[in-house]
Amino acid sequence: MNSSEKTNRAPYRPVLTAMASVAVLGVALVGCGQQDSGASKARADRTEVKQEATAGGGVKVLWVGDSIAGAEAPAMGAALKASGVGFKDASSDGGGTVVDSGEEITKMISGDTWKQLGEDIKAFKPTVVAYQVTTYDWGTPDTQRAAYEKLVRTVKDAGAKTVFIPSPPIKVDDFYKKHESQMATAPKTAEEVAGKHKDAAVYLDASQLWGTDKSAKKALRGPDGIHNCQQGAAAFAKWFSTELGKREGFEPAPVDKWAKGGWTGSDRYGKQSCSK
């Protein structure tokens, strides 16, 4: 998107309940948001490179979505790389959707997403493309379905699997209000598409973690009601790495091996008014 059109908006069986996850992560995240020293960060960077180069079982995750996915990405990268899994963040602030709803904004965003996806698949060679349903996945269920079907085909043709994840419950402001009903059908449609292509796609229901009530503590939203802060990102990363590990055959790293890493000092959290 043009910079003038970008926005800070999101751009949407339990292992642990959301609040239990946060409790576990609370100790590991003491002091989150503080920058590591230069030496510590350098060591962390070298470790991450080594971990990615020796990805466990050859699993490599390409992470696609809007700025909600972007706020989750620092913790996800840390958790997956600590598990020996390759990771590339391809999320996009104010964008990320694969759905062209017919409106000019989604036509432009989806065009950019498909172009970038093709480039990332070619360069990164993921084994998993994880797509978090964005708050720009507008249009009718049929429009959404066509885009998700195309995503599954594209990823399958590249020899990878598609993992759909719903976006979390968020505060619906004036910008989103007229699209609220469309945003509600997107995750359901993604689940249907994944169910139709069980050999190539799966739907991981993250509402197990954060529920469906945007105002509940377990929703783990930050001050803006849309994005998460560090603990929300860490809780999601723990949940996602556990669920993906079951399906892709890798052992998720213990939280204490990654939760206190340099990712907690990402500028992204400061811009979202997360505490330091």
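Here, the structure is the one placed above.
None of the values given here were measured: they were computed from a predicted structure. (Residues numbered from 1 in each chain as written. Predicted model: local features only at pLDDT ≥ 70, side-chain atom pairs only at ≥ 80, totals over all residues. Heavy atoms only, no water.)

Draft legend 1. Molecular detail of the pattern of salt bridges. Counted under the stated rule, the structure contains 10 salt bridges. Here Lys-177 makes a salt bridge to Glu-180, at a shortest N to O gap of 3.4 Å. A residue is classified by how much of its surface remains accessible, and Lys-177, at 53% relative accessible area, is exposed. A salt bridge links Glu-243 to Arg-247, with the nearest nitrogen and oxygen atoms 3.2 Å apart. With Glu-243 and Arg-247 both in helix α9 (residues 230-248) and 4 residues apart, this pair spans about one turn of that helix. You can call Glu-243 buried: its relative accessible area is 6%. Given a relative accessible area of 40%, Arg-247 falls into the partly exposed group. Linked through salt bridges whose partners overlap, the residues forming this network are Asp-142, Arg-145 and Glu-192. (Salt bridge = Lys/Arg side-chain N within 4 Å of Asp/Glu carboxyl O. Buried < 20%, exposed > 50% of the residue type's maximum accessible area, 1.4 Å probe, protein only. Helix = DSSP H or I, 4+ residues; strand = E, 2+ residues; numbered from the N terminus.)

Draft legend 2. Inspection of the packing of helix α4 (residues 104-124) against helix α5 (residues 141-157) at higher detail. Contact pair α4 / α5: the axes reach a minimum separation of 12 Å and the direction vectors enclose 15°. The angle between the axes of α4 and α5 places the two elements in the roughly parallel class. Every pair of crossing elements has a handedness; the one defined by α4 and α5 is right-handed. Residue-level inspection shows Trp-114, Leu-117 and Ile-121 of α4 in contact with α5, the latter providing Ala-147, Lys-150, Leu-151 and Thr-154. For the contact of α4 with α5, the residue count by class is 5 nonpolar, 1 polar and 1 charged. (Axes fitted to C-alpha atoms, helices over the stretch in contact; angles between N-to-C directions. Parallel < 35°, antiparallel > 145°, perpendicular 65-115°, else oblique. Left-handed = near helix turned anticlockwise from the far one by under 90°. Contact = heavy atoms within 4.5 Å. Nonpolar A, V, L, I, M, F, W, Y, C, P; charged D, E, K, R; others polar.)

Draft legend 3. Examining the pairing of strand β3 (residues 128-132) more closely. Burial of β3 is extensive: 5 of the 5 residues sit out of reach of the surface. Neither face of β3 is left uncovered, since the one carrying Val-128, Ala-130 and Gln-132 and the one carrying Val-129 and Tyr-131 both have all their residues buried. Direction of pairing for β3 relative to strand β4 (residues 161-165): parallel, over a ladder of 5 bridges. By the bridge assignment, Gln-132 is partnered in β4 with Ile-165. Considered for its hand, the β-α-β crossover made up of β3, α5 and β4 is right-handed. (Pairing = 2+ DSSP bridges. Right-handed = clockwise from strand over helix to strand, strands pointing away.)

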